[in-house]
Amino acid sequence: MISYGKQQITDADVDAVTEVLRSDWLTQGPQVPKFEAAISDLCDVKHSIAVNSATSALHIACLALGVSHGDIVWTSPVSFVASSNCALYCGANIDFVDISPLTGNIDSKKLEKKLALAKQNNTLPKVVIAVHLAGQPCDMAQINFLSKQYGFRVIEDASHAIGAKYKENAVGNCLYSDITVFSFHPVKIITSAEGGMATTNCNELARKMIKLRSHGITSIETEMTEESHGPWYYQQQMLGFNYRMTDLQAALGLSQLSKLEEFVRIRNQLASIYRSKIAKLPCTHLLQKNDCYSSYHLFIILLDPSVQEKHRATIEKLREKGIQAHLHYIPIHLQPYYQQMGFKSGDFPCSEEYYKRAVTLPLHPQLTEQDLDYIVNVLSDTL
Ligand SMILES: *Cc1c(COP(=O)(O)O)cnc(C)c1O
């Protein structure tokens, strides 16, 4: 089976992990801060906070921004459920802004309209979570502009987008947001098995997230409310979690990070080959914007309306032929859990239309041009 995404583990990665296994620290040792420093360096950002998943990073990002009961968080429906579940973990309400049908990202014009209406109704969001679908950054300059005008905070869910650039700058630098979140799940661009990272330029947000990932505890004397009782002393100052990354994971992540640029370059090459091979087929691909360099976590095509009725059959046929075609994503508001909260079919028409036409084709650095030939030939036969 040609899988839609796949990790690439080298001997160097294996060595990096086994070295930690033989060391004194399996967790809370030197590898995590090393990995964090490397991400800060890559993104040119002040702080990076490693955690055990992007889901955890999204949760503590929301908490650090003060999201709680009665607050409203907005994101786009075409994402993994974690992008909106994080708001629910905090007791907040979630709402969605429909996507641009061309990029699949949150539509900043629809965002502006919805904000104007929300201002009238006193239902402005506290936080907007911008998801960089498939690795292409959202319209961050405009979202940042609106955040100042309407007074909301911004989280970038860059789970797909490590190694991507927006206006020449690395995603994760938080020039247009409060916090950016990365995922290191094996299907993503680089992996630490499970793992995530939150980046920020704000000292206060960083301090909060560092506490939240480890029970709300601090051992830093200057942060304590009274004089230390001795060398064993720590204080719990808020309700936190055990969201820590292990040193094993950090060593793998750090080793993988050295290949990030190459991985993203190969992904872009393969995507460009795909684009030319599908040019004559009755489908398009997600529009690539000039001011973005996508990390191409996914290669997503949209079937033309003329062949839209073959959507399901296309994915089934590709799978029959050993190609793990996929669909990213089922619009979140159509999930039964979200329908129980009152969302219904018809609420976000562009996302629902996208769901009827989108197909994810396999894309990872081990694929060859011959694999792509085979995939596009099967696709062509089906369409
Ligand atoms: C994968 C993913 C997540 C969750 O990542 P984990 O590290 O598995 O928790 C969140 N948001 C998006 C958009 C993702 O693709």
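See the structure printed just above.
Because the structure is a prediction, the values reported are computed rather than measured. (Residues numbered from 1 in each chain as written. Predicted model: local features only at pLDDT ≥ 70, side-chain atom pairs only at ≥ 80, totals over all residues. Heavy atoms only, no water.)

### Digging into the environment of Leu65
Considering the arrangement of structural elements, one finds Leu65 in the loop between α3 (54-64) and β2 (72-75). When the C-alpha positions of Leu65 and Leu205 are compared, they lie 7.2 Å apart, and in sequence the two are 140 residues distant. (Helix = DSSP H or I, 4+ residues; strand = E, 2+ residues; numbered from the N terminus.)

### Notes on the packing of α3 against helix α7 (residues 203-212)
It is at 9 Å that the axes of α3 and α7 come closest, and there the two elements cross at 130°. Regarding the angle of α3 to α7, the classification is oblique. Crossing of α3 against α7: the hand is right-handed. The residues of α7 that touch α3, namely those facing Ile60, Ala61, Leu63 and Ala64, are Leu205, Lys208, Met209 and Leu212. (Axes fitted to C-alpha atoms, helices over the stretch in contact; angles between N-to-C directions. Parallel < 35°, antiparallel > 145°, perpendicular 65-115°, else oblique. Left-handed = near helix turned anticlockwise from the far one by under 90°. Contact = heavy atoms within 4.5 Å.)

### A closer look at helix α4 (residues 82-89)
Counting buried positions along α4 gives six out of eight residues, so the element sits mostly inside the fold. When α4 is considered as a whole, its buried residues turn out to be Ala82, Ser83, Ser84, Asn85, Cys86 and Ala87. Looking at the residues trailing α4, positive phi occurs at Gly91, about 80°. (Buried < 20%, exposed > 50% of the residue type's maximum accessible area, 1.4 Å probe, protein only.)

### Thoughts on the nonpolar core
Residues Phe299, Ile301, Tyr354 and Leu361 are the most contacted members of the largest nonpolar core, which totals 41 residues. Looking at which domains feed residues into this core, each of domain 1 (11-257) and domain 2 (260-382) supplies at least three. Setting aside residues up to four positions removed in sequence, Tyr354 forms contacts with Val78, Ile99, Leu133, Leu286, Ile300, Leu302, His328 and Tyr329. Residues Ala64, Ala82, Ala198 and Ala206 belong to the second largest nonpolar core, which totals 34 residues. (Core = buried A, V, L, I, M, F, W, Y, C linked by side-chain atoms within 4.5 Å. Domains from an automatic or database assignment.)

### Structural notes on the sheet that holds strand β8 (residues 179-183)
Strand order in this open sheet of seven strands is β1-β9-β8-β5-β4-β2-β3, and the pairing throughout is mixed. Looking along the sheet, the strands with just one partner apiece sit at the ends: β1 (47-51) and β3 (93-96). Geometrically, the sheet is characterised by an average inter-axis angle of 20° between neighbouring strands, direction not taken into account. With five bridges joining them, strand β4 (residues 127-131) and strand β5 (residues 153-157) adopt parallel strand pairing. Considered in β5, the bridge of Val128 is made with Val154. Of the strands in this sheet, β2, β3, β4 and β5 touch α4, which is tilted by about 150° from β3. Of the strands in this sheet, β2, β3 and β4 are in contact with helix α5 (residues 108-121), which crosses β2 at around 160°. (Pairing = 2+ DSSP bridges.)

### Digging into the site of the ligand
Surrounding the ligand, one finds 15 residues, the nearest of these being Thr55, Asp157, His160, Ser183 and Lys188. The contact in question runs from an oxygen atom of the ligand to an N or O atom on the side chain of Ser183, over 2.8 Å. Tyr329 has a polar side-chain atom sitting 3.1 Å from an oxygen atom of the ligand. Contact with the protein chains hides 92% of the accessible area of the ligand, taken as 380 Å² for the molecule alone. For the shell around the ligand, a count of residues per class yields five nonpolar, eight polar and two charged. (Near = heavy atom within 4 Å. Polar contact = N/O pair within 3.5 Å; in protein donor to acceptor, adjacent residues only side chain to side chain. Areas by Shrake-Rupley, 256 points an atom, 1.4 Å probe, with all protein chains shown as cover. Nonpolar A, V, L, I, M, F, W, Y, C, P; charged D, E, K, R; others polar.)

### Some remarks on the packing of aromatic side chains
Counted according to the given criterion, the structure contains 12 aromatic pairs. With a centroid separation of 6.5 Å and an interplanar angle of 40°, the aromatic rings of Tyr338 and Phe343 are classed as tilted. Accessibility assignment for this pair places Tyr338 and Phe343 in one class, buried. Put simply, the rings of Phe96, Tyr337, Tyr338, Phe343 and Phe348 pair up and form one aromatic cluster. Lying over the aromatic face of Trp74, Lys114 brings its terminal NZ or CZ to 5.4 Å of the ring centre. (Phe/Tyr/Trp six-rings, centres within 6.5 Å; stacked < 30°, edge-to-face > 60°. Lys NZ or Arg CZ within 6 Å of the ring centre and 35° of its normal.)

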